[in-house]
Amino acid sequence: MEYTIRPIRPEEWAESKALRLAALADPDASVAFVTTLAEANARPDGYWRERTRETAAGDTALAFVAESPDGEWVGTVTAQVEKPDGPDAEHIFGGAPTAPQTQFIGVYVRPEHRGTGLARELVRAGVEWSWSLADPRMERVRLHVHQRNPRALAFYRKLGFEPTGRTPDMPGRPGEHEYELALPRPEA
């Protein structure tokens, strides 16, 4: 199946919300998210409009969507810029960065589209965008994988992401942690 992978547009907040709720309702994927389905369902539409506007702008983050040939949203990834001297650096999940980087968040592919290579293409789109940024120049891409998600861990390792040794605790989930993985910028 052919997919179109592209940045989301600000007016697509309802589609973005629907895909996020589907991810949180998916028992295989929900372990990866800090937000619960109940918390997401309780958020007003204004939250989703603002979230989509921010991740469509490409200033501090860019969200990509994968569409099937019939226009259904079937996957997503968001690359979020993180700077060591950013205003929220000390509040970044997994700790403040030591160099400019992007962090992938909200990676999701609907179950019926898994195993098609779509997740790889979504990650590739996010990595390419990350390397295209010039000010600041991104030094690495990082992401976090829940301890109970060995399939995702193997997937990202196959793409070149390596464990950093950092294992932050999951907020609000005592005894659970995530593995930080990073992909360094390739040498020119």
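Residues numbered from 1 in each chain as written. Predicted model: local features only at pLDDT ≥ 70, side-chain atom pairs only at ≥ 80, totals over all residues. Heavy atoms only, no water.

Here we look at helix α4 (residues 118–132)
The end-to-end C-alpha separation of α4 is 21 Å, in line with the 21 Å expected for 15 residues at 1.5 Å each. All buried positions along α4 are accounted for by Leu118, Leu122, Val123, Ala125, Gly126, Val127, Trp129, Ser130 and Trp131. (Helix = DSSP H or I, 4+ residues; strand = E, 2+ residues; numbered from the N terminus. Expected span 1.5 Å × (residues − 1). Buried < 20%, exposed > 50% of the residue type's maximum accessible area, 1.4 Å probe, protein only.)

With respect to the nonpolar core
If you look at the biggest cluster of nonpolar residues, it comprises 27 residues, and the most contacted ones within it are Phe104, Tyr156 and Phe161. When residues of this core are assigned to their parent elements, the largest contribution, seven residues, is made by α4. If we ignore the near neighbours within four places in the chain, the residues touching Phe161 are Phe104, Val123, Val141, Leu143, Tyr156, Leu181, Ala182 and Leu183. The next biggest cluster of nonpolar side chains, apart from the first, holds 15 residues, and it includes Leu21, Ala23, Val65 and Tyr108. (Core = buried A, V, L, I, M, F, W, Y, C linked by side-chain atoms within 4.5 Å. Contact = heavy atoms within 4.5 Å.)

Overview of unusual backbone geometry
Along the chain, Asp135 connects to Pro136 via a cis peptide bond; the corresponding omega equals 5°. The residue Pro136 is located in the loop between α4 and β5 (140–146) in this model.

Description of the environment of Asn149
Within the secondary structure layout, Asn149 lies in the loop between β5 and α5 (150–158). Judged by relative accessible area, Asn149 falls into the buried class, the value being 16%. For the pair Asn149 and Ala29, spaced 120 residues apart in the sequence, the C-alpha separation amounts to 8.7 Å.

Considerations on the sheet that holds β5
Across the sheet, seven strands lie side by side as β1-β2-β3-β4-β5-β7-β6; this open sheet has mixed pairing. Because the sheet does not close on itself, it has two edges, and the strands there are β1 (4–7) and β6 (162–163). For β1 and strand β2 (residues 61–67), the ladder comprises four bridges, and the chain directions are antiparallel. When the bridges of β2 are listed, Pro7 appears paired with Phe64. (Pairing = 2+ DSSP bridges.)

Some thoughts on the pattern of salt bridges
Following the criterion strictly, the structure yields 18 salt bridges and no others. Measuring nitrogen to oxygen at the nearest pair gives 2.3 Å for the salt bridge that ties Glu121 to Arg124. With Glu121 and Arg124 both in helix α4 and three residues apart, the pair spans about one turn of that helix. Classification of Glu121 as partly exposed rests on a relative accessible area of 23%. For Arg166, the salt bridge goes to Glu180, with nearest N and O atoms at 3.9 Å. Of this pair, Arg166 sits in the loop between β6 and β7 (178–184) while Glu180 sits in strand β7, and the two are 14 residues apart along the sequence. Several salt bridges converge on common partners, so that one network encompasses Arg6, Arg9, Glu11, Glu12 and Glu67. (Salt bridge = Lys/Arg side-chain N within 4 Å of Asp/Glu carboxyl O.)

The values are spatial; any link to function lies outside them.
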